[in-house]
Amino acid sequence: MDVTVGWCSAFDPSWVATRLFWASRPPALCFYHLGQYLATVAVPTTGRAILDEDLGVGGLSPAADAAIAGSDLVYLSSHGRLDGNTYRFRLRTGEWTPTHAPPAGGPAVLVLDTCDLVTPAVTPKNTTWRQAGQWSPAIVLGFSGPASDGFDASKRGRMFAEHLATGLTYAKAWFRAIRDTQPPQQRDKGIAIGFGPTVIDARHTLRTASLTNPPTRTVADECAWQRR
Amino acid sequence: MRLEAGAVAGWFGELTASAPPPDLLVVAAPDLVDRALDFVHEMPTLEVRDPGCYLFFLDPLSSTVDDRGDDRVDAQTLAAFARRITISANESRRRIVVDWDLDNDLDTYDSGDDDRDEGSLGELQASPVAEDSFVLLRDGRSVPSVGPGGRVTLEARGTLITGTSSVRPFVQADQPASWVAFDAVLDELAPFLGIEAELTPRFGYYEYPWTDRQTVIRPTFVLVLESSDATQYRSKWVLTVPATLPTGDDSRRR
């Protein structure tokens, strides 16, 4: 299994995007604990980290592009926003739009640990996450609304790996990771979006994809989602 | 609203003037959920965890809570287990809010039997309003649990119930303490002063998630900041500040 994690924690100019103190922790903890689990079950694993330097000036560096394109699971953390109906991931300078001309090769599971993968008022099928004929991860995980930056909240990366290791689906592991790292009163709302050529396929992916039932990269013709 | 120190000063002053600080809680055996539910099965792990902290599963059909013979766990069964855990917790100077949900759609959806064109997998059946869990102190005070721990979560998984517990058993420390000075709160807030943000302060015992080791459960201020400036990226920060100092430590005394 090829895993890439990355984070962007400081931004230029700083008044546009405030510093994220704990951005490195969710992806790093996910990789560390997922790697430990995969080692115990003897699954060959490669890991790459892309940091602020590669999430750079107005776009991903070629190294970051290559790392993402060559991975099964990508977990990235930074600021994010929904610009109209298009999600944008904040880089050190500028933004990256993961739905803009995605390549055929790339991750089957993409975790975007940022605010506003979609907003609570917006349905994913009305955003550019769904684009007929575009390549897409089978599952995208993130937040519907704000994502907390805090020491304990950042442990969601570890929890995600822990719950995946117990056999939960990617969607359920993500929801449980958020639930286990925040008290109910201030809990962020997670979202899981499944993709496929039909809604039935997208739902099936969302319902069944797990470490033991790995999804494959697909098309974004249709999507199914759940928020929790 | 531009964040200023005054946003939290009044709240801090009122809270710390109204009562002496609650005691530290020292984590100790035995384990609440084990004691409450003798049919709980802890999932094996190579790591050493705190008492009361683990992933578990239980088989409703082997218990006396629900013997209706229905294969799949339903909301009624989950609620029954939640009540049972809550009642046991009351005997251990805890009021535990058990957080459960039943993912009917995601669990039972069978492709082909549903022609909805809407992609949403629907609403969950879930435990009622997410309330605070509380620790009941010897002097009769109830102090809320404000961290990610101090709770039990349940979730139906086919015919089983799985869940996590982060309910550490404790003894109340017999060690006088005093409130920290407001400066300690200000230090934590300093990087955020002047930004446009809403502040929600909370106070209570702060327990860690079930994966973490913790020997002492401390009274803690939790400050949740959510940016409100539409020109910036949305942000939400969770800051924690230990609320008390042991007597004798005058460095940050109020």
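Definitions and cut-offs
Residues numbered from 1 in each chain as written. Chains lettered and ligands numbered in written order. Predicted model: local features only at pLDDT ≥ 70, side-chain atom pairs only at ≥ 80, totals over all residues. Heavy atoms only, no water. Helix = DSSP H or I, 4+ residues; strand = E, 2+ residues; numbered from the N terminus. Buried < 20%, exposed > 50% of the residue type's maximum accessible area, 1.4 Å probe, protein only. Contact = heavy atoms within 4.5 Å. Areas by Shrake-Rupley, 256 points an atom, 1.4 Å probe, with all protein chains shown as cover. Salt bridge = Lys/Arg side-chain N within 4 Å of Asp/Glu carboxyl O. Pairing = 2+ DSSP bridges. Core = buried A, V, L, I, M, F, W, Y, C linked by side-chain atoms within 4.5 Å. Buried area = accessible area lost by both parts, 1.4 Å probe. Polar contact = N/O pair within 3.5 Å; in protein donor to acceptor, adjacent residues only side chain to side chain. Nonpolar A, V, L, I, M, F, W, Y, C, P; charged D, E, K, R; others polar. Axes fitted to C-alpha atoms, helices over the stretch in contact; angles between N-to-C directions. Parallel < 35°, antiparallel > 145°, perpendicular 65-115°, else oblique. Left-handed = near helix turned anticlockwise from the far one by under 90°. Phe/Tyr/Trp six-rings, centres within 6.5 Å; stacked < 30°, edge-to-face > 60°. Lys NZ or Arg CZ within 6 Å of the ring centre and 35° of its normal.

**Side note on the overall build of chain B**
Of the regular secondary structure elements, chain B holds five helices and 16 strands. Within chain B, the proportion of its 254 residues that are buried is 51%. Long-range pairs, those at least 24 residues apart, make up 70% of the contacts in chain B with a sequence separation of at least 6. Of the accessible surface of chain B, which amounts to about 11500 Å², a share of 50% is contributed by carbon and sulfur atoms.

**Side note on the pattern of salt bridges**
Per the stated rule, a full pass over the model turns up 25 salt bridges over all chains. Among the ionic pairs, Arg158 of chain A bridges to Glu162 of chain A, the shortest N-O distance being 3.0 Å. On the criterion of helical spacing, the pair formed by Arg158 of chain A and Glu162 of chain A is a turn pair, its members being four residues apart in helix α3 (residues 156-165). Note that Lys172 of chain A is salt-bridged to Glu155 of chain B, the shortest N-O span being 3.9 Å. Within this pair, whereas Lys172 of chain A is found in helix α4 (residues 170-180), its partner Glu155 of chain B is found in strand β9 (residues 152-157), the two belonging to separate chains. There is no split in this pair, since Lys172 of chain A and Glu155 of chain B are both buried. If you follow the salt bridges from partner to partner, you end up with Lys172, Arg176, Arg179 and Arg228 of chain A together with Glu155 of chain B in one network.

**Focus: the pairing of strand β15 (residues 236-242) of chain B**
The element β15 of chain B is largely enclosed, with a buried count of five among its seven residues. Bridge count between strand β10 (residues 148-149) of chain A and β15 of chain B: two bridges; the pairing is parallel. Residue pairing in the sheet places Asp149 of chain A in a bridge with Trp237 of chain B of β15 of chain B. Bridge analysis of strand β14 (residues 216-227) of chain B against β15 of chain B gives seven bridges, and the strand direction is antiparallel. Its bridge partner being in β15 of chain B, Glu226 of chain B is matched across the sheet by Lys236 of chain B.

**Focus: the nonpolar core**
Counting 70 residues, the largest nonpolar core has Leu112, Trp129, Phe160, Tyr170 and Trp174 of chain A as its most contacted members. At seven residues, the largest contribution of residues to this core is made by α4 of chain A. What Trp129 of chain A contacts, discounting residues up to four positions off in sequence, is Tyr87, Pro98, Thr99, Leu112, Leu117, Val118, Pro124, Val140, Ile193, Phe195 and Ala220 of chain A. With 30 residues, the next largest nonpolar core counts Val8, Leu137, Tyr205 and Leu245 of chain B among its residues.

**Quick notes on the side chain of Ser166 of chain B**
In this fold, Ser166 of chain B is placed in strand β10 (residues 160-166). Contacts of Ser166 of chain B, omitting those with residues within four sequence positions, involve Gly52, Cys53, Pro148, Gly149, Gly150, Arg151, Glu207, Tyr208, Pro209 and Trp210 of chain B.

**Details of the interface of chain B and chain A**
Each partner contributes residues to the interface: chain B has 55 residues there, and chain A has 52 residues. For the pair chain B and chain A, the summed buried area comes to about 4800 Å², and 48% of that belongs to carbon and sulfur atoms. Note that Arg158 of chain A is salt-bridged to Glu47 of chain B, the shortest N-O span being 3.0 Å. Linking chain B with chain A are 18 residue pairs in polar contact (both at pLDDT 80 or more), by the criterion used here. Listed by contribution, the elements that provide at least two residues to the side of chain B that touches chain A are β5 (98-102), α4 (104-108), β9, β10, β13 (197-206), β14 and β15 of chain B. Per element, the largest residue contribution to the side of chain B that touches chain A is five residues, and it comes from β9 of chain B. In terms of residue class, the side of chain B that touches chain A is built from 22 nonpolar, 13 polar and 20 charged.

**Some thoughts on the packing of helix α1 (residues 6-18) of chain B against helix α5 (residues 182-189) of chain B**
Residues and elements named next belong to chain B. At their nearest, the axes of α1 and α5 sit 11 Å apart, and the two run at 150 degrees to each other. In this view, α1 runs roughly antiparallel relative to α5, as classed from their interaxial angle. Helix-helix and strand crossings are classified by hand; for α1 and α5 the assignment is right-handed. Along the contact surface, α1 presents Val8, Ala9 and Phe12, while α5 presents Phe182, Val185 and Leu189. For the contact of α1 with α5, the per-class residue count stands at six nonpolar, no polar and no charged.

**Looking at the packing of aromatic side chains**
Under the criterion given, the structure shown has 18 aromatic pairs over all chains. Ring geometry for Tyr206 of chain B against Tyr208 of chain B: centres 6.3 Å apart, planes inclined by 70 degrees, an arrangement best described as edge-to-face. An aromatic cluster is defined as three or more aromatic residues linked by ring pairs; in this entry it consists of Trp11, Phe12, Trp179, Phe182, Phe203 and Phe221 of chain B. Geometry around Phe151 of chain A places Arg25 of chain A over its ring, the cationic atom sitting 4.0 Å from the centre.

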